[in-house]
Amino acid sequence: MLSWSILELLRENPELLKEHVKRRLMDPVLIDEAKKIDDEWRKALTGLNKMRSQHNKLSRSLKEARDPSERQKLIRQARELAARIKSEEEKLYAIEGKREELLLALPNLVEDDVPIGDEEASIPIRFWGKPKVWKDHIDLFLEQTEKYGFSVEYDMLEDKPVGHADMLEHVLKLGDTLKAGEVAGSRFFYLFQDIIWLETALLAYAIDKMTGKGYALVMPPYMLRGNIVKRVIDLETFKDAIYKIENEDLYLIATAEHPLAALYAGEEIYDDELPLKLVGISPCFRKEAGAGNRDLKGIFRVHQFHKVEQFVYSLPEESRRIHEELIKNAEEIFQGLELPYRVIKIASGDLGACAIKKYDLETWMPAQGKFREMVSASNCTDWQAYRLKMRLIRRKGMKRSYVHTLNSTAIASTRAITAILENYQNKDGTITIPRVLKKYLEVYDTAPKDYIHPTRKIVSPKAKKKKTC
RNA sequence: GCCGCGGUCGCCUAGCCUGGCAUGGCGCCGGCCUGCUAAGCCGGUGGGGGUCUCCCGCGCGGGUUCAAAUCCCGCCCGCGGCGCCA
């Protein structure tokens, strides 16, 4: 029998499963309901199977029956039984639909070392780099470091750094969210010229890094069917993030994770093919419906951006080790960019239903005086695999179970740009280009190589008006 | 978008016309045999449940029938041709 960790626990140890749900600060009544309907379903199925068996016997005996009156009798019996089966089937399907709905609503388990609590309970586990801290932000900085028992070296800034949004739109004049707001809505943007070279270089750098580690480069579909999307993510994400194409059963992806997880939907994977390591590149479309008024300025939280994404299909016994590998890969990328960061172990209440454990990488943002999320790395264990029916077959004994899936950002374009705008700004209004990106810019004649300067050739109509008045 | 052909167990395939327990091969797993390898032989290899001489399963969903892989309708996907667009 194919075993899904959560269904196994639901049947064998529902109390323990409740403990996991409680860790997420969710109502464990979920488990009682799921258990009840699963029992009901199993009972109904057994009852129905007995009737079907009866009917099959009748039907088989009809094949041989020659005597016309005997045939009539058997047909009448079979007909009656068939009618009863049909009504029982309808009941079963109703239960089955409800069962499916409840099972798909169950969150993943929670790994034992995940801190319990809401967002506040998430804890930094390591720091890297020497953040540039503005003198008025020192207390704020210490609250994000020393409070957790870390002593992090920093460089003090005398002058107040320019925020990434102002840097982009008013100093460099290489972005325009005002005009984008008029023509598309808030959280959209126009980017111009050197910023796009920067984005191109960031994506190329991440791709180069990941393929160098043996990850296979994938360009996935940017839209997926509803039935796939709802199996890759939880309902919450679906409501907050997913755009739908009108009059079609197609949804814009919020990350390459979705189509990469769907790549093996319904497939069998043999143990000797694992781990299967992928690096996807795609645009990401997000409604940001739950974001309220947070990060309205600039391009930190937007409806579309590009992302290079790590995705791994793994053996169950290897997923924990690979999860560490994914966050280490992301760290290597940000170390290369020389952006100071910390890694956070996300608390149980803030995990997202798919993940058993999640790390975020947050870079220091000198103008905000905060560490902000750049990368999210999740171990989904068999949660996505069960929903997408991605089976693992072990050669030894041909035992069947489910693969584990993991995902992590490598680079998210707009976020990484904001981090560079705040960390690499100079007094003269220029941005130093991180050294590691230079080789990806050298091949282009018109791309900037060392610095991004405030543009002389203004494209943005809003910036033009400001200049003339 | 239109017309034609197709979709069967991990892969390939028979069965469809003419309704009555899904055939064979490859691969894989287990065993036997063998000095080693190769070959050979036997058994297994979709899913589910209360694990049994049970049920369901032939792209998906409906219909006809005592009974559907098989007949009918709708849809999805693939291939070929035509049209349209880049």
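These figures come from a predicted structure and were not determined experimentally. (Residues numbered from 1 in each chain as written. Chains lettered and ligands numbered in written order. Predicted model: local features only at pLDDT ≥ 70, side-chain atom pairs only at ≥ 80, totals over all residues. Heavy atoms only, no water.)

(A) Seen up close, the sheet that holds strand β14 (residues 357–365). The mixed open sheet is built from eight strands, whose spatial order is β1-β13-β14-β15-β18-β12-β11-β6. Either end of the sheet is taken by a strand with one partner, and the two such strands are β1 (123–128) and β6 (216–218). The sheet shows a mean angle of 25 degrees between the axes of neighbouring strands, direction not considered. Relative to strand β13 (residues 341–345), β1 is paired through five bridges, and the arrangement is antiparallel. Each bridged residue has a counterpart across the sheet, and for P124 the counterpart in β13 is I344. (Pairing = 2+ DSSP bridges. Helix = DSSP H or I, 4+ residues; strand = E, 2+ residues; numbered from the N terminus. Axes fitted to C-alpha atoms, helices over the stretch in contact; angles between N-to-C directions.)

(B) Examining a nonpolar patch on the surface more closely. Together, M219, Y222 and M223 give the surface a local cluster of nonpolar side chains, amounting to about 310 Å² of exposed area. Tracing the backbone shows M223 in strand β7 (residues 223–225). (Patch = residues over 30% accessible without salt bridge, like charges linked within 9 Å, V, L, I, M, F, W, Y side chains within 5 Å. Areas by Shrake-Rupley, 256 points an atom, 1.4 Å probe, with all protein chains shown as cover. Salt bridge = Lys/Arg side-chain N within 4 Å of Asp/Glu carboxyl O.)

(C) The arrangement of the nonpolar core in detail. Counting residues in each nonpolar core, the largest one holds 59 residues, and the members touching the most others are L202, I333, F334, L337, I411 and L437. For this core, the element with the highest residue contribution is helix α8 (residues 194–212), accounting for nine residues. Apart from the residues lying within four places of it in its own chain, the contact partners of F334 are W128, L339, Y341, L361, T363, M374, V375, A410 and I411. Judged by nonpolar contacts, the second largest core, of 58 residues, contains L10, L17, L62 and L315. (Core = buried A, V, L, I, M, F, W, Y, C linked by side-chain atoms within 4.5 Å. Buried < 20%, exposed > 50% of the residue type's maximum accessible area, 1.4 Å probe, protein only. Contact = heavy atoms within 4.5 Å.)

(D) A look at the pairing of β13. Among the five residues that make up β13, five are buried, leaving the element largely enclosed by the rest of the structure. Across the two faces of β13 the burial is the same, with Y341, V343 and K345 and R342 and I344 all buried. Relative to β14, β13 is paired through five bridges, and the arrangement is antiparallel. Across the sheet, residue R342 finds its bridge partner in β14, namely E362.

(E) Inspection of the pairing of β14 at higher detail. Within β14, nine of the nine residues are buried, which leaves the element mostly enclosed by the surrounding structure. Residues K357, Y359, L361, T363 and M365 of β14 are buried on one face, and the alternating residues K358, D360, E362 and W364, pointing to the opposite face, are buried as well. Bridge count for β14 against strand β15 (residues 370–379) is nine bridges, and the pairing is antiparallel. Note on β15: the bridge partner recorded for D360 is S376.

(F) The arrangement of the sheet that holds strand β16 (residues 391–394) in detail. Taken together, the three strands give an open sheet; going across it, the order is β10-β16-β17, and neighbouring strands pair in mixed fashion. The sheet is open, and its two borders are formed by β10 (268–270) and β17 (399–402), each paired with just one other strand. The sheet shows a mean angle of 35 degrees between the axes of neighbouring strands, direction not considered. Both β10 and β16 contribute to a ladder of three bridges, which runs parallel. Bridge pairing in β16 places E268 opposite R391.

(G) Here's a closer look at the side chain of Q144. Note on placement: Q144 falls in the loop between α5 (138–143) and β3 (155–157). By relative accessible area, Q144 is classed as buried at 12%. Polar contacts involving the side chain of Q144 include one to the main-chain carbonyl oxygen of L140, which spans 3.1 Å. Not counting residues within four places of it along the chain, the set of residues in contact with Q144 comprises P124, F127, R342, W364, G369, K370 and F371. (Polar contact = N/O pair within 3.5 Å; in protein donor to acceptor, adjacent residues only side chain to side chain.)

(H) Just the domain arrangement of chain A, in detail. Assigned domains of chain A: these are domain 1 (5–105) and domain 2 (119–462). Domain 1 puts eight residues into the contact, and the matching count from domain 2 is eleven residues. Roughly 800 Å² is buried in total at the junction of domain 1 and domain 2, and carbon and sulfur atoms are behind 44% of that figure. Applying the counting rule to domain 1 against domain 2 returns one salt bridge. (Domains from an automatic or database assignment. Buried area = accessible area lost by both parts, 1.4 Å probe.)

(I) Spatial organisation of the packing of α8 against helix α12 (residues 319–336). Contact pair α8 / α12: the axes reach a minimum separation of 11 Å and the direction vectors enclose 135 degrees. The angle between α8 and α12 places the two elements in the oblique class. The two elements α8 and α12 meet at a crossing, and its hand is right-handed. Along its contact with α8, which presents Y205, A206, K209 and M210, the element α12 presents N329, E332, I333 and G336. Residue classes in the contact of α8 with α12 are distributed as four nonpolar, two polar and two charged. (Parallel < 35°, antiparallel > 145°, perpendicular 65-115°, else oblique. Left-handed = near helix turned anticlockwise from the far one by under 90°. Nonpolar A, V, L, I, M, F, W, Y, C, P; charged D, E, K, R; others polar.)

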